[in-house]
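Reading the structure
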Amino acid sequence: MKLTLEIWRQSGPNDKGRFETYQTVADPDMSFLEMLDELNEGLLTDGKEPVAFDHDCREGICGMCSLVLNGQPHGPEALTTTCQLHMRKFKDGDRITIEPFRADAFPVSRDLVVERDSFDRIIAAGGYVSINTGAAPDAHGLPIEKDKAEIAMDAAACIGCGACVAACPNAAAMLFTSAKISQLAMLPQGQPERKKRALAMVDQMDAENFGTCTNHYECMAACPKGVSVANIARMNREYMGAHVAPAPQ
Amino acid sequence: MSQTLDSKVPSGDLADKWTKHKFDLKLVNPSNRRKFTVLVVGTGLAGGSAAASLAEMGYNVKSFCIQDSPRRAHSIAAQGGINSAKNYTNDGDSVYRLFYDTIKGGDYRSREGNVHRLAEVSTGIIDQCVAQGVPFAREYGGLLGNRSFGGAQVSRTFYARGQTGQQLLLGAYSAMMRQVHSGGIELFTRREMIDLVKVDGVARGIVVRNLLTGKLERHAGDAVLLCTGGYGNTFFLSTNAKASNVTAAWRAHKRGAFFANPCYTQIHPTCIPVSGDHQSKLTLMSESLRNDGRVWVPKEKGDKRKAADIPDSDRDYYLERKYPSFGNLVPRDVASRNAKQVCDSGQGVGSTGQAVFLDFADAIKRDGRSTIEARYGNLFQMYERITAEDPYKMPMRIFPAVHYTMGGLWVDYNLESTIPGLFVLGEANFSDHGANRLGASALMQGLADGYFVVPATIASHLAGRALDPVTTDHPAFGAVEEEARLSTERLLNVGGNRSAFDLHRELGLICWNHCGMGRNEKGLKEGLEKIRALRDVFWNELKVPGTGAELNQSLEHAGRVADFMEFSEVMVADALHREESCGGHFREEHQSEENEAKRNDEDFCYVAAWEFQGVNKPSTLHKEDLKFENVKLTTRSYK
Ligand SMILES: Cc1cc2nc3c(=O)[nH]c(=O)nc-3n(C[C@H](O)[C@H](O)[C@H](O)COP(=O)(O)OP(=O)(O)OC[C@H]3O[C@@H](n4cnc5c(N)ncnc54)[C@H](O)[C@@H]3O)c2cc1C
Ligand code: FES
């Protein structure tokens, strides 16, 4: 199949960047990233700069790939990361624009590569249970209702890719932050730090220049792991609750 | 000159060794710990858990990884589960049984002392992870669920849907980030370790490349921990993440760390077959599928009928036929080798003939579609996404692929390499799996090394040796940095017209064809020649665009491929020297009449540790004899 690609090119963080157009031929059985591999092979042997893009697992789990295809983070297929998307989902003659995830909090390093260390700092602010190695009681000392464990697991499925931010008209990080807050709020292990965690993580999220949520729910539609906006509602409750009764100092 | 290697496994009863050793180890006083800086390279399960635990103890930790976040390390992709001798299922498991199964599964090529310790600490791992909030699968009573995995005859595997690696890694990552927040860990992402710095023979630092700017950076410390994963990507096509590499280990090897058993590679039986020349990596289908799926090929060679049109009488369920007691659940090496044998004999299926069927029709008939969907729904979906075929309606096509590497840098019982102060953890070391790893044991080993072993044994170095203060101004850092700069320049200036990607693919094919599932003397010798020839081609025809002073993914890849080009030679040489079949290493000359692996305990019951002598020069072999005081060596039989 023949394709026309409009790809975002940016030589470094300070370059303004622009779209450039490429013609390429792809096999329907290729993954989207394999299509880009082949494009890059051609560019390299033609003496041109290959397109920089992030990827690692190519299995939809590491959260490294970060492309917006025709305006959709991770492209047209629901519940699918770009690395798992196959070219058979496109048609011969298609025109595809390829951009990086965009947000003030995700600066572009080069072409399609962005930095998401803002997410790491949100986790560092409180996305954990404070337990040192070796201090844990027996795992069966703490039975957890299966239903609650399942909800925690649904939230924990987040791969931290940032598609939710890229999809949000306000570039909010609510879905990401709420997934971690929910996971730990659902579990008994998370209780002692529950209020402190909600406050610290939300405050860090705000400090990172993410936008605010105005209930568009584009985040959930773009999430390759199906993380639900119900987590956002839960986070809001947790945050409000923590404000009403601040954690003891 | 060959030297005898001291494993430092303590004497005494197997079950008391670790406790005794911990007691005998020196301790670092809590108030002194902050005076020591530990450099931890890698943030997978091994590196993440080590960095967090050491920082909690009060050490000053610097942590490095290639990806933009520590959470993205390759460990994230593990699906199936993690073993632990909890015996929550009351089915007769014990520390001793896990120990025994691991020794036997490794085909008697691992150290009893290490393996027993692994089984011992396995229970604490589950406690630790649960306390962190890792959402393991649970039963209705609220307690943890277990399953049997990879042919184990007890249910000792803990799991979190198909995302066990992800959930365990996020646990270690969050523990790390807590320490980042409190200042115990300084985090360096998008950094690639380029070389190791030794001062007076002791590992005292590293030189890393900042992948965003290209700048070389120096970091000094009192100990260096390599937690940089396995070398499966030597084969180009593997189930490993694309950035997985041998660079850090190989550079340490060139500085004096011996490389042990590089020929022990694991080929996983259930992967999605190659679909064409564009293939960039292979996808694993979890081993748990073999609990319900039946493996078969047509009895007739070249039978091109659709699976559904082939009646039972024309099918060969070869695993069930050959191994009636284990059937489809034989260990990985046995399953892979049998798949190769039937494909070599012309019974393979699919357009390439390089695949066998994994069929769920009987399981669906027996348990109903919804039960199968609940068990494997996400895997079936993944398969369909990649192949556009519906496994509920037609059997999956699977084929073995490179998956894991049991070999790695040689370490003693303290996980210290032959370079003092250089510790190696996780898949990067060779320590616990012998010639074949059991399913769900890599996650266990990575976390055992990082949470429990190294935090204790590192004191043998920090408290046991007098370490003068060293800063990055020491001339040793300047010299190593200059070498790193020159090697970058060399890569940029070859001036050919082939990409590292293309050359890597070619290397991978050589390794797969000559040092893959079946190996023989002639093929290995040819492989060696082809590798040497390709290495020349690499240094004449490579093209790396751009400069060294920017984010340059072609340069990153070229550096890693240059190391694979050197490393692959010692891997093949090791395979050639080991005149026996054991675990993942199958020498066709050494098989029984029934095509089963034939070990040679008389001559090869040792760890082969190779010492680097220079590129294009044969490495020197050192042997560590393996002593079995508790387990009797037998021929593995899964019949
Ligand atoms: C698809 C798949 C499924 C698996 N499923 C299971 C399973 O169910 N159960 C099980 O027990 N095992 C499983 N395994 C094996 C297991 O996942 C790995 O063996 C294990 O996770 C390795 O962990 P590690 O910490 O040693 O290294 P890795 O997770 O590979 O981490 C390596 C780290 O080192 C860093 N690094 C590498 N080189 C450098 C360098 N030069 N400079 C700086 N940083 C560097 C990387 O950035 C990364 O952070 C699976 C493996 C695969 C491929
Ligand atoms: S490359 Fe890992 S999720 Fe896409």
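Bear in mind the structure is a predicted one, so any value in this text is a computation, not a measurement.

Glancing now at the domain arrangement of chain B. Bring the parts together and some accessible area is lost; that lost area is often taken as the interface size. Residue and element names in this part refer to chain B. On domain assignment, one finds that chain B holds domain 1 (268-403) and domain 2 (475-603). Distance between the C-alpha centres of domain 1 and domain 2: 30 Å. The interface of domain 1 with domain 2 comprises 13 residues on the first partner and ten residues on the second. Of the roughly 930 Å² buried at the junction of domain 1 and domain 2 (both faces included), carbon and sulfur atoms supply 56%. In terms of surface lost to domain 2, no three residues of domain 1 exceed Arg337, Lys340 and Gln341, which account for 45% of the buried area on that side. Linking domain 1 with domain 2 are zero salt bridges. Linking domain 1 with domain 2 are four residue pairs in polar contact (both at pLDDT 80 or more), by the criterion used here. Elements represented by at least two residues in the side of domain 1 that touches domain 2 include exactly helix H9 (332-344) and strand S15 (396-405). Broken down by element, the side of domain 1 that touches domain 2 gets its largest block of residues, five residues, from H9. Tallied by class, residues from the side of domain 1 that touches domain 2 come to five nonpolar, four polar and four charged.

Let us look at the packing of aromatic side chains. The relative placement of two aromatic rings is captured by the distance of their centres and the angle of their planes. All names here are of chain B. Across all of its chains, the model carries 27 aromatic pairs over all chains by this definition. Measuring from centroid to centroid gives 6.1 Å for Trp18 and Tyr413, while their planes differ by 75°, and the two rings are edge-to-face. With Trp18 in helix H1 (residues 17-24) and Tyr413 in the loop between strand S16 (408-409) and strand S17 (422-424), this pair connects stretches of sequence that are 395 residues apart. The two residues Trp18 and Tyr413 agree in class, both being buried. Where Phe360 meets Tyr376, the ring centres are 5.8 Å apart and the plane angle is 55°; that geometry is what we call tilted. Here the residue Phe360 occupies a position in the loop between strand S14 (356-359) and helix H10 (361-367), and Tyr376 occupies one in helix H11 (residues 369-387), the gap between them amounting to 16 residues. We note that Phe360, like Tyr376, is buried. The rings of Tyr231, Trp250, Phe259, Phe567 and Phe612 are connected pair by pair, giving a single aromatic cluster. The side chain of Arg490 reaches across the aromatic face of Trp539, ending 3.6 Å from its centre.

Further remarks concern the sheet that holds strand S12 (residues 294-298) of chain B. Strand order across the open sheet formed by five strands is S11-S15-S14-S12-S13 (chain B), with antiparallel pairing between neighbours. Here the strands that pair on one side only, and so sit at the sheet edges, are strand S11 (265-271) and strand S13 (315-316) of chain B.

Parameters at a glance
Residues numbered from 1 in each chain as written. Chains lettered and ligands numbered in written order. Predicted model: local features only at pLDDT ≥ 70, side-chain atom pairs only at ≥ 80, totals over all residues. Heavy atoms only, no water. Domains from an automatic or database assignment. Contact = heavy atoms within 4.5 Å. Buried area = accessible area lost by both parts, 1.4 Å probe. Salt bridge = Lys/Arg side-chain N within 4 Å of Asp/Glu carboxyl O. Polar contact = N/O pair within 3.5 Å; in protein donor to acceptor, adjacent residues only side chain to side chain. Helix = DSSP H or I, 4+ residues; strand = E, 2+ residues; numbered from the N terminus. Nonpolar A, V, L, I, M, F, W, Y, C, P; charged D, E, K, R; others polar. Phe/Tyr/Trp six-rings, centres within 6.5 Å; stacked < 30°, edge-to-face > 60°. Buried < 20%, exposed > 50% of the residue type's maximum accessible area, 1.4 Å probe, protein only. Lys NZ or Arg CZ within 6 Å of the ring centre and 35° of its normal. Pairing = 2+ DSSP bridges.

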